[in-house]
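# Survey of secondary and tertiary structure
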Amino acid sequence: MLEFVFYNPTKIVFGKDQTYRIGEFIKEKKCLFLYGGGSIFKNGIYEKVVNSLKVAGKEWIEKGGVKPNPVLSFVYEAIEVARKEKVECILAVGGGSVIDTAKTVAAGYFYEGDVWDFFIKKAEIQEALPVYVVLTLAATGTEMNRYAVITNEKTRQKFNIDSDKVYPKVSILDPVNTYTVPKEQVAYGCVDAMLHLLEGYFTQSYPNTPIQDGFVETLVKVLIETTQRIFENPQDYDARANFMWATTLALNGLTTAGIGSFGFPNHIIAHSLSAFYDLPHGATLAIIFPAWLRYKFPEKSYRISKLGMAIFNDGEPEKVIEKLENFYSSIGVPTRLSQVKVPEEDLPALAENAYGFAKIRDLADYTPEVIIEILKLAK
Ligand code: NZQ
Ligand code: ZN
């Protein structure tokens, strides 16, 4: 194992009916309460949160309307509101899109320049408002990590920030809140968390890491099994709970500690697909990942085989990739660019776009030529 620093200050409050406790954990008096397109009104989460805030004597300003693949223009608006109302913290009630918006607003609040500077590494986050979370969709791991992903609609860039300052202070993880998450979002969440685990597993510079490999293999297995159970019974508490905790653990720093340097090449290409066509993150990953494995074949065949043995009890590398694709198809996720109608003539522009992000994320060996090769394997 290589040297590492593991730091994760987010307090997790996990379990059935824990939502009513959010007010008790918020130290500040006045919050900006952010949410998405309104699912929290239909499933009763809004009421639970508001009751908790009232009991705790909090004040808040609400701003809804965060859209999936959240955008920079909304962030600017929310920063304005936060400043005008002099809020002291941000409360995010939603999935990754709402939480990432909250983190970005929290960081932008104190910054006099353009908050996008943090995404293009022109400036570093020095200070951020505290962020509190009630998670309603298990997928991204943002509830316990240092990242936030936002799309700049003007430049068509889907980039991320990466800072210790944006870890949420407290995240409530109540599996019951995810009972109403539709199957397609469960499937996207499954693929997303799986890739958070597998990007590190396949790109790590130091491969002799039995603890980390074991975490990854177990979590991937749990994700597959619980997704299937949730599909059969959306109110299976045990499946929702295990799925939720697996998605959080998949990107909280634990599984990559000690593996040396690693990258997120699949995410970089996938983000360009979302930036161009507003496709769900999980769908773009399911399209890119099998192609990336084929591009990296046979260099990665030992690890493909190792993973296959752990999750499918099959160590034949080609078959493992096929089984992975079959699993994605079985849960209704696309695995080809043609299924989401990406025209072939867009590939050069997509590759250029992804290369721009790759350079910022220290993956400059993913040149436009390499990315086009991968995209062609995903046709
Ligand atoms: O907007 P509402 O009405 O709330 O509906 C949402 C949205 O339509 C719905 N939903 C959420 N909770 C629900 C629910 N519907 C019914 N019942 C509930 N309990 O689900 C839809 C998708 O929500 P969204 O937040 O967009 O999904 P997700 O959590 O998958 O977040 C995806 C975003 O996170 C980014 C992705 O790129 C994408 O922009 N990521 C963030 C990461 C991070 N910060 O660490 C890492 C990931 O790699 C990823 O890039
Ligand atoms: Zn992801």
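Residues numbered from 1 in each chain as written. Chains lettered and ligands numbered in written order. Predicted model: local features only at pLDDT ≥ 70, side-chain atom pairs only at ≥ 80, totals over all residues. Heavy atoms only, no water.

Moving on, we come to the coordination of the zinc ion (ligand 2). Note on the zinc ion (ligand 2): its protein donors are Asp 192 (OD), His 196 (NE2), His 267 (NE2) and His 281 (NE2). The metal-donor distances range over 1.9 to 2.2 Å. The sequence motif formed by the donor residues of the zinc ion (ligand 2) is D-x3-H-x70-H-x13-H. One end of the pair, His 196, is in helix α6 (residues 183-203); the other, His 267, is in helix α9 (residues 265-277), with 71 residues separating them in the sequence. (Donors = N, O, S within 2.8 Å, 3.2 Å for Na, K, Ca; no water. Helix = DSSP H or I, 4+ residues; strand = E, 2+ residues; numbered from the N terminus.)

This structure, assessed with the given rule, holds 18 aromatic pairs. On the basis of an interplanar angle of 85° and a centroid distance of 5.7 Å, the ring pair of Tyr 7 and Tyr 167 is categorised as edge-to-face. One end of the pair, Tyr 7, is in the segment before β1 (11-14); the other, Tyr 167, is in the loop between β7 (157-162) and β8 (170-173), with 160 residues separating them in the sequence. Judged by centre distance (5.2 Å) and plane angle (80°), the ring pair of Tyr 201 and Phe 202 falls under edge-to-face. For the residue pair Tyr 201 and Phe 202, the accessibility class agrees, reading buried in each case. An aromatic cluster of three or more residues is present, and its members are Phe 33, Tyr 35, Phe 41 and Tyr 46. Cation over ring: Arg 156 sits above Phe 276, and NZ or CZ is 3.9 Å from the ring centre. Seen from the ring of Tyr 201, Arg 303 lies directly overhead, with NZ or CZ sitting 4.5 Å from the centre. (Phe/Tyr/Trp six-rings, centres within 6.5 Å; stacked < 30°, edge-to-face > 60°. Buried < 20%, exposed > 50% of the residue type's maximum accessible area, 1.4 Å probe, protein only. Lys NZ or Arg CZ within 6 Å of the ring centre and 35° of its normal.)

For the rest of this paragraph, the subject is the site of ligand 1. Lining the immediate surroundings of ligand 1 are 33 residues, of which Gly 37, Gly 96, Ser 97, Lys 158 and His 196 lie closest. One nitrogen or oxygen atom from the side chain of His 281 is found 3.1 Å from an oxygen atom belonging to ligand 1. About the coverage of ligand 1: the protein hides 89% of its 970 Å² of free accessible area. Among the elements of the structure, α5 (96-108), β6 (147-152), α6 and α9 are those that each provide at least two residues to the shell around ligand 1. Among the residues forming the shell around ligand 1, the class breakdown is ten nonpolar, 20 polar and three charged. When residues of the shell around ligand 1 are sorted by domain, at least three fall in each of domain 1 (11-177) and domain 2 (182-377). (Near = heavy atom within 4 Å. Polar contact = N/O pair within 3.5 Å; in protein donor to acceptor, adjacent residues only side chain to side chain. Areas by Shrake-Rupley, 256 points an atom, 1.4 Å probe, with all protein chains shown as cover. Nonpolar A, V, L, I, M, F, W, Y, C, P; charged D, E, K, R; others polar. Domains from an automatic or database assignment.)

On to α6, then. Since there are 3.6 residues in each turn of an α-helix, residues three or four apart along the chain are aligned in direction. Across its 21 residues, α6 extends 30 Å between first and last C-alpha, which sits within 8% of the 30 Å expected from 1.5 Å per residue. A bend of about 25° at Leu 197 is the largest found in α6. With 18 of 21 residues buried, α6 lies mostly within the body of the structure. (Expected span 1.5 Å × (residues − 1). Bend = angle between axes of the 7 residues up to and from the residue.)

A grouping of Met 1, Phe 4, Phe 6, Ile 211 and Phe 215 is seen on the molecular surface, where their side chains present a nonpolar patch of about 490 Å² in accessible area. Relative to the helices and strands, Met 1 is located in the segment before β1. (Patch = residues over 30% accessible without salt bridge, like charges linked within 9 Å, V, L, I, M, F, W, Y side chains within 5 Å. Salt bridge = Lys/Arg side-chain N within 4 Å of Asp/Glu carboxyl O.)

Before going further, it helps to spend a moment on the packing of α6 against helix α7 (residues 210-232). Viewed as axis vectors pointing N to C, α6 and α7 meet at an angle of 170°, and their least axial separation amounts to 10 Å. Judged on the interaxial angle alone, α7 and α6 are roughly antiparallel. The residues of α7 that touch α6, namely those facing Lys 183, Val 186, Ala 187, Cys 190, Ala 193, Met 194, Leu 197, Leu 198 and Tyr 201, are Asp 213, Val 216, Glu 217, Leu 219, Val 220, Leu 223, Ile 224, Thr 227, Ile 230 and Phe 231. Tallied by class, residues from the contact of α6 with α7 come to 15 nonpolar, one polar and three charged. (Axes fitted to C-alpha atoms, helices over the stretch in contact; angles between N-to-C directions. Parallel < 35°, antiparallel > 145°, perpendicular 65-115°, else oblique. Contact = heavy atoms within 4.5 Å.)

Let's shift gears to the nonpolar core. Among the nonpolar cores identified, the biggest contains 109 residues, and Ile 90, Met 194, Leu 198, Phe 202, Phe 289 and Tyr 328 are the most heavily contacted of them. Considering each element in turn, this core owes the most residues, twelve residues, to α6. Taken domain by domain, the makeup of this core includes at least three residues from each of domain 1 (11-177) and domain 2 (182-377). The residues touching Met 194, leaving out its near neighbours within four places in the chain, are Val 220, Leu 223, Ile 224, Leu 324, Phe 327 and Tyr 328. Formed by 20 residues, the second largest nonpolar core is a distinct cluster that contains Val 50, Cys 89, Leu 91 and Tyr 132. (Core = buried A, V, L, I, M, F, W, Y, C linked by side-chain atoms within 4.5 Å.)

The final tally for this structure, using the stated rule, is two cavities of 30 Å³ or more. Its boundaries defined by the atoms lining it, the largest cavity holds a volume of some 50 Å³. Here the lining of the largest cavity is composed, by residue class, of seven nonpolar, one polar and one charged. Size it by volume and the second largest cavity reaches roughly 40 Å³. The wall of the second largest cavity is formed by Leu 197, Gly 200, Tyr 201, Gln 204, Gln 212, Asp 213, Val 216, Thr 255, Thr 256 and Ile 259. Counting only elements with at least two residues in the lining of the second largest cavity, the list comes to α6 and α7. Taken together, the residues that form the lining of the second largest cavity break down as four nonpolar, five polar and one charged. (1 Å grid on protein atoms, 1.4 Å probe; cavity = no way out; pocket = protein on both sides within 12 Å on 5 of 7 lines; lining within 4 Å. Points joined across faces, edges and corners; volume = space filled by probe spheres on them.)

Each domain of the protein chain was delimited in the assignment, giving domain 1 (11-177) and domain 2 (182-377). Averaged C-alpha coordinates put domain 1 and domain 2 at centres separated by 25 Å. Overall, the association of domain 1 and domain 2 removes approximately 2,500 Å² of surface from exposure, summing both partners, and the carbon and sulfur fraction of that is 60%. Inspection of the domain 1/domain 2 interface yields two salt bridges. Of the charged contacts in the structure, one is a salt bridge between Asp 162 and Arg 361, with a shortest N-O distance of 3.7 Å. Summed over the shared surface of domain 1 and domain 2, the number is ten residue pairs in polar contact (both at pLDDT 80 or more). Counting only elements with at least two residues in the side of domain 1 that touches domain 2, the list comes to β1, β6 and β7. Per element, the largest residue contribution to the side of domain 1 that touches domain 2 is five residues, and it comes from β7. Taken together, the residues that form the side of domain 1 that touches domain 2 break down as 16 nonpolar, seven polar and eight charged. (Buried area = accessible area lost by both parts, 1.4 Å probe.)

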